[in-house]
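Spelled out, the chains give:
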Amino acid sequence: MNFNETYKKQMDNFCDENITASANDILLKAKSAEAPSESRIIEFKPKKKAKKFTAFIAAAVACSMVASVTALAATGVLGQWINQIFGDKVTSEIVDKGYLYEINQSKEDENFRIDLIAVTGDSSTPKLLFDVYLNGEDMVKATDKILLHAYILPEEIMKNEIDDYAPSMGIGVKDENAEGLYHVLMDGPMAWLTGGDEVMVKVSNVILNPTTEGTGIEDAGDVSDYIGKECDEWIAADLQYSFTPAATNFHPISDIIYDEGISFNHNGISYNLTRGEYGVYASMLSFEYDYLGTEFAKGETEYEKLEAKLHENWRSFIKDVTLIVDGTEYKVNAKETEMGYTYCNPETKHCNAVPYFPAFEYENTQNIVLKYKDTSYTLKDGDNIPGEEIAVPDTLMPEIVVPGESTVPEEIITE
């Protein structure tokens, strides 16, 4: 089973199951602190830039190497460190707000020592932070960047159904101050990480100096470039970790259920909006549809015979869908549109799709409209009920935001 097939099967399973001071001092303080209201949690305020930041972070990194993987988090500068190493201002702000679960488990084999430091992120985009140490002087000198593969699953699925799932991937950034050390910030599956249950992580491969086959990209960049591609210099690993994060360890999102008949017809299939998860990294919409008895299916009932056409129909639909937020028009991620899978249960013939749009601050937004061609619905507009169909004049769409440009509200970016 190739990567694309396992990816589709993994998402099928996900949709079937889910769319319906010292580190100890910090942890104790977090547990004893009164939880802020959701409105306060979502409000991000700019902070002043730290002076002599690079030297301060270098010292913190050096201390963490001497003491333990816990030391860096205990310094209280982990958020700034994430911004410095990965250029990830959003995650940096989340960590500074206290949304972090420290794991600090270290595993080693003949090739690597890999420390799983912590998980953070929001409830729809959890992230794992790893430190990877290469064992062997020759390997260290020859490696500028790495790509980490890790399966992230409940124990029962990890032991019995791992072949049905695809690994998560994270690019490792070389530490400028410590030879042989690479830092990885990896997106993980929200289905398993944010539900409050025990989860297992199995690091399965480390790819040295990754390239993307056939793309001409010599230096590893966006992880999505690797989907469906082959990489060279694979080194197998079998390093396993287990931990139990709480849902409160992740920044909350605005999770809205839509049950007011928000439906768009495209080539004989009705795509029905059922949910919106508005986080600080992205806005995820959930669509459902059935193809049995539709004009599109033309009497065909076998999913395998329609699968490719269903994917193509979804791609042609979602690329023309726009999310209009206070007059700004958001388009779906272009690479996601190109992949464009929908996820169908071959037995029930019921299908799901979860497109991602750029992030915005939902609670401070006055007007949200979902539009496809001449059909538009208000998702948020004062006292209007979600699902009420409205007319959207062109004057409401002066600006287009394309993913890859500025997809994060200014309120959650610190300078």
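Criteria and cut-off values
Residues numbered from 1 in each chain as written. Predicted model: local features only at pLDDT ≥ 70, side-chain atom pairs only at ≥ 80, totals over all residues. Heavy atoms only, no water. Helix = DSSP H or I, 4+ residues; strand = E, 2+ residues; numbered from the N terminus. Contact = heavy atoms within 4.5 Å. Axes fitted to C-alpha atoms, helices over the stretch in contact; angles between N-to-C directions. Parallel < 35°, antiparallel > 145°, perpendicular 65-115°, else oblique. Nonpolar A, V, L, I, M, F, W, Y, C, P; charged D, E, K, R; others polar. Salt bridge = Lys/Arg side-chain N within 4 Å of Asp/Glu carboxyl O. Buried < 20%, exposed > 50% of the residue type's maximum accessible area, 1.4 Å probe, protein only. Pairing = 2+ DSSP bridges. pLDDT = per-residue confidence, 0-100. Phe/Tyr/Trp six-rings, centres within 6.5 Å; stacked < 30°, edge-to-face > 60°. Lys NZ or Arg CZ within 6 Å of the ring centre and 35° of its normal.

Draft legend 1. Geometry of the side chain of Ser168. Take Ser168: it is sitting in strand S5 (residues 168-174). Once residues lying within four places of it in the same chain are set aside, the contact partners of Ser168 are Leu148, His149, Ala150, Ile152, Met186, Asp187, Gly188 and Pro189.

Draft legend 2. Structural detail: the packing of helix H6 (residues 78-86) against helix H7 (residues 89-96). Viewed as axis vectors pointing N to C, H6 and H7 meet at an angle of 175°, and their least axial separation amounts to 7 Å. For the element pair H6 / H7, the angle class is roughly antiparallel. When H6 is examined against H7, the residues Leu78, Gly79, Gln80, Ile82 and Asn83 are found in contact with a partner set consisting of Lys89, Thr91, Ser92, Val95 and Asp96. Residue composition of the contact of H6 with H7, by class: 3 nonpolar, 5 polar and 2 charged.

Draft legend 3. View of the pattern of salt bridges. Taken as a whole, this structure holds 10 salt bridges when the rule is applied. Measuring nitrogen to oxygen at the nearest pair gives 3.9 Å for the salt bridge that ties Lys202 to Asp238. A residue pair is termed long-range when its members are at least 10 positions apart, and Lys202 in strand S7 (residues 199-208) and Asp238 in strand S8 (residues 234-243) qualify at 36 residues. Residue classification places Asp238 among the partly exposed positions, given a relative accessible area of 49%.

Draft legend 4. Spotlight on the sheet that holds S8. One open sheet accounts for 8 strands, arranged S1-S2-S3-S6-S5-S4-S7-S8; its pairing is antiparallel. Two strands bound the open sheet, and with one partner strand each, they are strand S1 (101-108) and S8. Each strand axis lies, on average, 25° off the axis of its neighbour in the sheet, ignoring direction. Pairing of S5 with strand S6 (residues 181-187) involves 3 bridges; the strand directions are antiparallel. Across the sheet, the residue bridging to Val173 is His183, located in S6. Along the sheet face, H6 touches strand S3 (126-134), S5 and S6 and points at about 100° away from the line of S6.

Draft legend 5. The arrangement of the confidence of the model for the chain in detail. With 67% of its residues at a pLDDT of 70 or more, the chain shows a mean pLDDT of 76. Counted against residues more than four places away or in other chains, residues 393-415, with its pLDDT under 50, gives 49 contacts.

Draft legend 6. Summary view of the packing of aromatic side chains. Counted under the stated rule, the structure contains 16 aromatic pairs. For the pair Tyr271 and Trp314, a centre-to-centre distance of 5.3 Å together with 70° between the ring planes defines the contact as edge-to-face. In this pair, Tyr271 is assigned in strand S11 (residues 269-278) and Trp314 in helix H11 (residues 303-318), connecting sequence segments 43 residues apart. With relative accessibility at 0%, the residue Tyr271 sits in the buried group. What links up through ring pairs into an aromatic cluster is the set Phe264, Tyr271, Phe287, Tyr289, Trp314, Phe317, Tyr372 and Tyr377. A cation sits over an aromatic face here: Arg113 above Tyr133, 4.5 Å from the ring centre. One cation-aromatic arrangement involves Lys127 over Tyr281; the distance from NZ or CZ to the ring centre is 4.7 Å.

Draft legend 7. Local environment of the environment of Pro210. When you line up the elements, Pro210 lands in the loop between S7 and S8. Once the C-alpha coordinates of Pro210 and Thr143 are considered, the two residues, 67 residues apart in sequence, prove to be 9.5 Å apart.

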